[in-house]
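A structural walkthrough
Residues per chain, in single letters:
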Amino acid sequence: MDKSKIMMHYRGSDDNQPVLCLVQLNEAENWHDFDSLAEFRAYFLDKICKADSKAVMYADRSDYTLDAFKLMKVHIWCSIQL
């Protein structure tokens, strides 16, 4: 079984709080670097859409999810209901 590895790199902020600065994914011996969690989520959303051209995505937390949708490389139709 192929195992993926996720590494999250943090740095300290001015008030000594951890700040995420890099997410790395090793998938099938290929490294992917992401500057934010939104980029990381967009990568997997793209994989879902590439695997299923009729995929439908629902987001109940649009403030959290829309950033990833905007970063997707696969174009999707988006309808937002408030």
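In what follows, the structure referred to is the one given above.
Notes on the structure in this doc start here. (Residues numbered from 1 in each chain as written. Predicted model: local features only at pLDDT ≥ 70, side-chain atom pairs only at ≥ 80, totals over all residues. Heavy atoms only, no water.)

Some thoughts on the pairing of strand β2 (residues 18-27)
Going by this rule: When DSSP locates at least two bridges between a pair of strands, those strands are taken to pair. Comment: elements are numbered from the N terminus, with helices defined as DSSP H or I runs of at least four residues and strands as E runs of at least two.
Both strand β1 (residues 5-12) and β2 contribute to a ladder of eight bridges, which runs antiparallel. Within β2, the position partnered with H9 by the bridge is L22. Where β2 folds back onto strand β3 (residues 30-34) in an antiparallel hairpin, the turn is made up of two residues, including A28, whose phi is positive at roughly 55°.

A short note on the packing of aromatic side chains
Counted only if it meets this: Aromatic pairs are defined between Phe, Tyr and Trp rings, using the six-membered ring for Trp, whenever the two ring centres lie within 6.5 Å; interplanar angles under 30 degrees are classed as stacked, those over 60 as edge-to-face, and all others as tilted. For every residue, the accessible area obtained with a 1.4 Å probe (protein chains only) is divided by the maximum for its type, and the residue is called buried under 20%, exposed over 50%, and partly exposed between those limits.
Applying the stated rule across the entire model yields four aromatic pairs. Aromatic pair Y43 and F44: ring centres 5.2 Å apart, planes at 85°, arrangement edge-to-face. Overall, the relative accessible area of 31% leaves F44 in the partly exposed class. An aromatic cluster is built from F34, F40, Y43 and F44, whose rings are joined through pairwise contacts.

Overview of the side chain of E27
Our working rule: Contacts described as polar in this section are N or O atom pairs within 3.5 Å, which, within protein, must combine one atom able to donate a hydrogen with one able to accept it, while residues neighboring in sequence count only if both atoms come from side chains. Residue contacts are counted whenever heavy atoms from the two residues lie within 4.5 Å of one another.
Mapped onto the elements of the fold, E27 is located in strand β2. Engagement of the side chain of E27 in a polar contact is seen with the side chain of Y43, the distance being 2.3 Å. Residue contacts for E27: discarding those within four places in its chain leaves S4, H32, Y43 and K47.

Notes on unusual backbone geometry
A positive phi is found at N16, a non-glycine position, where the angle reads about 65°. Tracing the backbone through its elements, the reader meets N16 in the loop between β1 and β2. With relative accessibility at 66%, the residue N16 sits in the exposed group. Despite not being glycine, E29 shows a phi value in the positive range, around 65°. Among the structural elements, E29 can be located in the loop between β2 and β3. Residue classification places E29 among the exposed positions, given a relative accessible area of 69%.

Purely geometric numbers; function is a separate question.
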